[in-house]
Amino acid sequence: RSGYIFSGWYNDATFWSFGTATVTSNLTLTAQWEKDEDDDDDDDDDDDGETGVGDNALSGIALYPNPAGSYVILSGLEGGEVVDVINLSGTLLLSRKATGNKETIDLTSLPQGAYIVRVTKGSAARQLKLVVK
């Protein structure tokens, strides 16, 4: 889809991981796309490249530096959020539970490329685009 980046498969509002999820009955998966921030062909300035359900509950979260090198910092957390790093194929690569209002994530095991950082707490979820250089 031109101008968009695939961010994963979802069953309702729940991220679907093909590596860990088990199918026990029929289900419907929906592809989720996010606007490509690097696509200069669009004049839509109100899309910040972030997607999610219940964004208001997680609206104060910041991700920096981005593009990142060996680490990235998430700030604006409350503690208890689940932080996942996912590749654009939907594979969960890193996962941890936030213990405070700021988390530093080691990225040295990831090759250069684009990723999605998904932050969830309860039914609220927010996804942010991350570029590792």
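All figures in this text were calculated on a predicted structure; none of them were measured in a lab.

1. What to know about the sheet that holds strand 9 (residues 102-106)
Strand pairing in a sheet relies on backbone hydrogen bonds, with the paired strands running either antiparallel or parallel.
So, step 1. Strand order across the open sheet formed by 3 strands is 5-6-9, with antiparallel pairing between neighbours. Every other strand in the sheet has two partners, leaving strand 5 (62-64) and strand 9 as the edge strands with one partner each. Neighbour-to-neighbour, the strand axes of this sheet turn through a mean angle of 20°, independent of strand direction.

2. A closer look at the confidence of the model for the protein
So, step 1. Averaged over every residue, the pLDDT of the protein is 80; the share at 70 or more is 77%.
So, step 2. Under a pLDDT of 50 for its full length, residues 41-55 has, in the predicted model, 28 contacts with residues more than four places off or in other chains.

3. Some details on the side chain of D84
So, step 1. Note that D84 resides in strand 7 (residues 82-87).
So, step 2. Owing to a relative accessible area of 5%, D84 belongs among the buried residues under this scheme.
So, step 3. Among the polar contacts made by the side chain of D84, one reaches the side chain of S95 at a distance of 2.6 Å.
So, step 4. A polar contact is formed between the side chain of D84 and the side chain of R118, at a distance of 2.5 Å.
So, step 5. Leaving out residues up to four positions away in the same chain, D84 has contacts with L92, L94, S95, I116, V117 and R118.

Calculation notes
- Residues numbered from 1 in each chain as written.
- Predicted model: local features only at pLDDT ≥ 70, side-chain atom pairs only at ≥ 80, totals over all residues.
- Heavy atoms only, no water.
- Pairing = 2+ DSSP bridges.
- Helix = DSSP H or I, 4+ residues; strand = E, 2+ residues; numbered from the N terminus.
- Axes fitted to C-alpha atoms, helices over the stretch in contact; angles between N-to-C directions.
- pLDDT = per-residue confidence, 0-100.
- Contact = heavy atoms within 4.5 Å.
- Buried < 20%, exposed > 50% of the residue type's maximum accessible area, 1.4 Å probe, protein only.
- Polar contact = N/O pair within 3.5 Å; in protein donor to acceptor, adjacent residues only side chain to side chain.

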